[in-house]
Amino acid sequence: MATQRTFSIIKPDATERNLTGAINAVIEKAGLRIIGQRRIKMTQEQAERFYAVHKERPFFGELVEFMTSGPVVVQVLEGENAVKAYRDVMGATNPADAADGTIRKLYAKSIGENSVHGSDSEENADLEIRQFFSEADIAG
Ligand code: IDP
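Residues numbered from 1 in each chain as written. Predicted model: local features only at pLDDT ≥ 70, side-chain atom pairs only at ≥ 80, totals over all residues. Heavy atoms only, no water.

By the naming in an unreviewed UniProt entry, the protein is Nucleoside diphosphate kinase, taken from Henriciella mobilis. Annotation of the protein in UniProt includes, under Sequence similarities (unreviewed entry), the sentence "Belongs to the NDK family." UniProt, in the comment section headed Subcellular location (unreviewed entry), describes the protein in these words: "Cytoplasm". (UniProt positions renumbered as here; feature names shortened; annotations may be inferred.)

Here it is, written out as structure tokens:
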């Protein structure tokens, strides 16, 4: 399996509880390398664009409000099979269903405030990375 990149967000519920380092430790222990990282406050426009695929879902307004409620840490992760490797270590969307040792099992508060985002395909990873990073801000 080739080296791959994926896009990650440490969400406001986690930055609020000062969990960036704890989550990064789980990411690095899983063999993923953090090759780009920036702490930002997402604008309404950025959040709506990022989650546009969910705009017809009943929780869209709540999701955009949550993602703009505090700082987030956007990240580029690199590793073998990184998209799947990160989804595995994130755990299920709902922390009640997440496996032991996963980030969401350890730290998520609810299905909405679930601490992390990770791309669901290599194609989306590429689009999401390009929404938040230029190549000059990534060093593998
Ligand atoms: P994922 O983040 O595990 O890929 P998605 O189904 O793509 O899950 O949903 C995107 C995000 O939308 C979730 O991570 C979560 O923050 C939020 N979300 C998903 N389902 C619900 C829900 O039923 N209520 C509130 N927020 C939700």
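Back to the text.
Another point: the UniProt feature "active site" (unreviewed entry) in the protein. Per the UniProt record, the feature "active site" (unreviewed entry) sits at H117. Relative to the elements of secondary structure, H117 occurs in strand β4 (residues 116–118). (Helix = DSSP H or I, 4+ residues; strand = E, 2+ residues; numbered from the N terminus.)

The local shell around the ligand consists of K11, H54, F59, E62, L63, R87, T93, R104, I111, G112 and N114. Between the ligand and H54 there is a distance of 3.1 Å, counted from an oxygen atom to a side-chain nitrogen or oxygen. At 2.8 Å from an oxygen atom of the ligand is found a main-chain nitrogen or oxygen belonging to G112. The protein chains hide 80% of the 540 Å² of surface that the ligand would expose on its own. (Near = heavy atom within 4 Å. Polar contact = N/O pair within 3.5 Å; in protein donor to acceptor, adjacent residues only side chain to side chain. Areas by Shrake-Rupley, 256 points an atom, 1.4 Å probe, with all protein chains shown as cover.)

So, about helix α4 (residues 60–67). Three or more residues of α4 are buried, namely F60, L63, V64, F66 and M67. Relative to the axis of α4, the buried residues are bounded by an arc of 160° and lie together on one face. The exposed residues of α4 that point more than 90 degrees off its buried face are E62 and E65. Looking at the packing, one finds that the buried side of α4 touches β1 (3–10), α1 (12–16), α3 (44–50) and β3 (72–80). (Buried < 20%, exposed > 50% of the residue type's maximum accessible area, 1.4 Å probe, protein only. Arc of directions from axis to C-beta. Contact = heavy atoms within 4.5 Å.)

The element β1 is largely enclosed, with a buried count of six among its eight residues. Judged from the eight bridges that link them, β1 and β3 form a sheet pairing that is antiparallel. When the sheet's bridge partners are listed, T6 is paired in β3 with L77. (Pairing = 2+ DSSP bridges.)

For the rest of this paragraph, the subject is the sheet that holds β4. Read across the open sheet, the four strands follow the order β2-β3-β1-β4; overall the sheet is antiparallel. Single-partner strands in this sheet number two, and they are β2 (33–40) and β4. Averaged over all pairs of adjacent strands, the angle between strand axes in this sheet comes to 20°, irrespective of strand direction. For β2 and β3, the ladder comprises seven bridges, and the chain directions are antiparallel. What sits directly across from G36, in β3, is V76. (Axes fitted to C-alpha atoms, helices over the stretch in contact; angles between N-to-C directions.)

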